[in-house]
Amino acid sequence: MSALASPAPLAAPPELHIASLVVHALPQRLPDVRAAILAVAGAEIHGASDTGKLVVTLEAPSTDDMMARISEIQRLDGVLASALVYQHADTLAAMNEEIDDGHGS
C-alpha cells in the first residue's frame, strides 16, 4: 500500500443559473404576489399586466437553488400557475466573458 494521500477532488467552478418565468396570479392578489416575488433571492419582475400575468427572471448559483426558488414562487398564495420560458446555466467565468459583437467593439 502506498503512503501517498490521494489528491482532494477539485471543486467545481462557481456557476450562474438564469431562468425566466411567466407567472399568472389572481388579479386581486397581484400587489401581494409582486411583493412576495421580489422578496425571493435573485428575482426581478420585468413586466406585469392588470390580468395578473408577470414576467419574472431568476438568478441562482446552482440547479438546486433555482428549483427551490421556482417552487417558492409557484407556492405563493395567489399564484395560479407559472411557466418556465427560458433557462441557462454556465460557469460564472464564462458568463462574464466579453463577446465580440462583430463590430470590433
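This one's a predicted model, so the numbers in the text were calculated from it and none came from an experiment.

Thresholds applied
Residues numbered from 1 in each chain as written. Predicted model: local features only at pLDDT ≥ 70, side-chain atom pairs only at ≥ 80, totals over all residues. Heavy atoms only, no water. Pairing = 2+ DSSP bridges. Helix = DSSP H or I, 4+ residues; strand = E, 2+ residues; numbered from the N terminus. Contact = heavy atoms within 4.5 Å. Polar contact = N/O pair within 3.5 Å; in protein donor to acceptor, adjacent residues only side chain to side chain. Axes fitted to C-alpha atoms, helices over the stretch in contact; angles between N-to-C directions. Buried < 20%, exposed > 50% of the residue type's maximum accessible area, 1.4 Å probe, protein only.

Novice: Can you explain the pairing of strand β1 (residues 15-25)? Please cite residues and give values.
Specialist: Looking at chain direction, β1 and strand β4 (residues 79-91) are connected through 11 bridges and run antiparallel. Residue pairing across strands places V22 opposite A83, the latter belonging to β4. Note: β1 against strand β3 (residues 53-60), 8 bridges, orientation antiparallel. Counted as the bridge partner of H17 is A60 from β3.

Novice: Describe the environment of D77, naming the residues involved and giving the relevant values.
Specialist: For D77, the location among the structural elements is in the loop between α2 (63-74) and β4. Through-space distance from the C-alpha of D77 to that of A36 is 9.2 Å; in sequence the pair is 41 residues apart. Leaving out residues up to four positions away in the same chain, D77 has contacts with R29 and V33. Looking at D77, its side chain comes within polar contact range of the side chain of R29, at 3.3 Å.

Novice: An account of the sheet that holds β4 is needed here, citing residue identities and associated values.
Specialist: The strand order β2-β3-β1-β4 describes an open sheet built from 4 strands, whose pairing is antiparallel. Among the strands making up the open sheet, the edge pair consists of β2 (43-48) and β4. Neighbour to neighbour, the strand axes of the sheet diverge by 20 degrees on average, direction disregarded. Strand direction decides the pairing type here: β2 and β3, joined by 5 bridges, are antiparallel. When the bridges of β3 are listed, G47 appears paired with V55. Most of the contacts of helix α1 (residues 30-38) go to β2, to which it runs at about 150 degrees, and overall it touches β1, β2, β3 and β4. Contacts from α2 reach β1, β3 and β4 within the one sheet, and its direction differs from that of β3 by about 155 degrees.

Novice: Any details on the side chain of H17? Residues and values, ideally.
Specialist: Along the chain, H17 turns up in strand β1. Take H17: its relative accessible area is 3%, and that puts it in the buried class. A polar contact is formed between the side chain of H17 and the side chain of E15, at a distance of 2.9 Å. When sequence neighbours within four positions are dropped, the list of residues in contact with H17 reads L58, E59, A60, P61, S62, T63, M66, Q87, H88 and A89.

Novice: Describe in detail the environment of I37, supporting the description with residues and values.
Specialist: In this fold, I37 is placed in helix α1. Through-space distance from the C-alpha of I37 to that of L76 is 8.4 Å; in sequence the pair is 39 residues apart.

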